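These are the residues of each chain, in order.
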Amino acid sequence: MSKYKVGYLVGSLSSTSINRLLSKALIRVAPTELELVEIPIKDLPLYSQDHDADFPPVARAFKQAIADVDAILFVTPEFNRSIPGGLKNAIDWASRPWGQNSFARKPSGVIGTSPGSIGTAVAQSQLRGVLCFCNAPLMNTVEAYIQFKPGLITEDGQITDESTADFLRNYMNELHAFIVRVLTVLPRVT
Ligand code: FNR
């Protein structure tokens with residue numbers, strides 16, 4: 001059985017993030033073939049092209065963490081009907097310097113939760129556009145727009161609603177199948 005390392009980016013910097021809860025839940029329902037590791041974004045400074053000649057250690061470590069995984073999962077809130085600034089900043093870092101885009105050929109998935117009824121759909125749609133430009137092969141379906149209700153996911157990532165648990169389990173199974181497909185035709189260059 002092949003194992004795949006999936007780096008996940010939580011698009012929220014909040015200490016009480018519901019998207020972090022979602023990431024804990026996803027770890028619980030993921031198939032055993034997937035090992036999920038967080039790639040933190042919170043310590044990255046604001047990106048500027050001035051850094052391209054010599055990235056700071058924190059940004060080098062961030063790019064290395066992406067290089068070290070087989071796939072990326074974005075677990076993101078929606079801010080003002082768009083991608084949270086902290087996450088967009090992290091993506092901009094990883095995409096540079098020119099010619100060293102960390103997302104190229106990296107299988108990717110997008111998911112998110114918000115209390116609103118469209119469950120981050122607009123942010124995810126915009127994020128898909130960004131990742132498309134970054135040449136990240138993206139899982140088209142399953143789409144996952146999770147409306148968060150209080151108590152839906154416990155602090156340790158237990159999903160309290162059966163149908164949501166089934167849905168998220170299926171999402172992670174589909175992500176696994178997608179990663180296998182992409183890496184079959186685009187094997188990792190190590
Ligand atoms: C929000 N929120 C929000 N929700 C949504 O569904 N669509 C939106 O456009 C926005 N816009 C927005 C902007 C800003 C600046 C904040 C702080 C919040 C509400 C948001 O979904 C809610 O705060 C979530 O708890 C954010 O996710 P995390 O940070 O808890 O993971």
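Scroll up a little and you will see the structure.
Cut-offs applied
- Residues numbered from 1 in each chain as written.
- Predicted model: local features only at pLDDT ≥ 70, side-chain atom pairs only at ≥ 80, totals over all residues.
- Heavy atoms only, no water.
- Salt bridge = Lys/Arg side-chain N within 4 Å of Asp/Glu carboxyl O.
- Helix = DSSP H or I, 4+ residues; strand = E, 2+ residues; numbered from the N terminus.
- Buried < 20%, exposed > 50% of the residue type's maximum accessible area, 1.4 Å probe, protein only.
- Near = heavy atom within 4 Å.
- Polar contact = N/O pair within 3.5 Å; in protein donor to acceptor, adjacent residues only side chain to side chain.
- Areas by Shrake-Rupley, 256 points an atom, 1.4 Å probe, with all protein chains shown as cover.
- Pairing = 2+ DSSP bridges.
- Axes fitted to C-alpha atoms, helices over the stretch in contact; angles between N-to-C directions.
- Contact = heavy atoms within 4.5 Å.
- Parallel < 35°, antiparallel > 145°, perpendicular 65-115°, else oblique.
- Nonpolar A, V, L, I, M, F, W, Y, C, P; charged D, E, K, R; others polar.
- Phe/Tyr/Trp six-rings, centres within 6.5 Å; stacked < 30°, edge-to-face > 60°.

Digging into the pattern of salt bridges
Inspection of the entire model under this criterion finds eight salt bridges. The salt bridge partner of Arg-28 is Asp-156, with a shortest N-O separation of 3.6 Å. One end of the pair, Arg-28, is in helix H1 (residues 18-29); the other, Asp-156, is in the loop between strand E5 (145-147) and helix H5 (162-185), and 128 residues separate them in sequence. With a relative accessible area of 46%, Arg-28 lands in the partly exposed category. The exposure class of Asp-156 is partly exposed, given its relative accessible area of 44%. Residue Arg-81 pairs with Glu-78 through a salt bridge whose shortest N-O separation is 2.5 Å.

A closer look at the site of the ligand
Neighbouring the ligand are the residues Ser-12, Ser-14, Ser-17, Ile-18, Asn-19, Pro-77, Glu-78, Phe-79, Asn-80, Arg-81, Ser-114 and Pro-115. The side chain of Glu-78 places a nitrogen or oxygen atom 2.8 Å from a nitrogen atom of the ligand. Here a nitrogen atom of the ligand and a backbone polar atom of Asn-80 are 2.8 Å apart. For the ligand, whose free accessible area comes to 620 Å², the fraction covered by protein is 67%.

Points about the sheet that holds strand E1 (residues 4-10)
Pairing within the open sheet is parallel, and its five strands lie in the order E2-E1-E3-E4-E5. Of all the strands in the sheet, just strand E2 (34-38) and E5 have a single pairing partner and so form its edges. On average, each strand axis in the sheet is inclined to that of its neighbour by 25 degrees, with strand direction left out of account. In this sheet, E2 lies alongside E1 in parallel orientation, the contact comprising five bridges. Bridged to Lys-5 within E2 is Glu-35. Here H1 sits on the sheet in contact with E1, E2, strand E3 (71-75), strand E4 (108-114) and E5, set at roughly 125 degrees to E4. With respect to the sheet, H5 is in contact with E1, E2, E3, E4 and E5, its orientation differing from that of E4 by roughly 160 degrees.

Concerning the packing of H1 against H5
Relative to each other, H1 and H5 sit at 70 degrees, their axes nearing to 9 Å. Taken together, H1 and H5 sit at an angle that is classed as roughly perpendicular. Along its contact with H1, which presents Leu-22, Leu-26 and Val-29, the element H5 presents Ala-165, Leu-168, Arg-169 and Met-172. Residue composition of the contact of H1 with H5, grouped by class: six nonpolar, no polar and one charged.

Section: the environment of Tyr-4
In this fold, Tyr-4 is placed in strand E1. When the C-alpha positions of Tyr-4 and Leu-36 are compared, they lie 8.5 Å apart, and in sequence the two are 32 residues distant. Excluding anything up to four places from it in sequence, Tyr-4 contacts Glu-33, Leu-34, Glu-35, Asp-70, His-176, Ile-179, Val-180 and Leu-183.

Things to note about the packing of aromatic side chains
Applying the stated rule across the entire model yields three aromatic pairs. When the ring of Tyr-47 is compared with that of Trp-93, the centres are 5.1 Å apart and the planes differ by 85 degrees; the resulting orientation is edge-to-face. Placement of Tyr-47 in the loop between E2 and helix H2 (57-67) and of Trp-93 in helix H3 (residues 85-94) is noted, with a sequence separation of 46 residues between them. Overall, the relative accessible area of 22% leaves Tyr-47 in the partly exposed class. Each ring, one from Phe-55 and one from Trp-93, has its centre 4.9 Å from the other, and the planes form 90 degrees; the classification is edge-to-face. Within this pair, whereas Phe-55 is found in the loop between E2 and H2, its partner Trp-93 is found in helix H3, the two being separated by 38 residues in sequence. Each member of the pair Phe-55 and Trp-93 is classed as buried. Clustering of aromatic rings is evident, with ring pairs tying together Tyr-47, Phe-55 and Trp-93.

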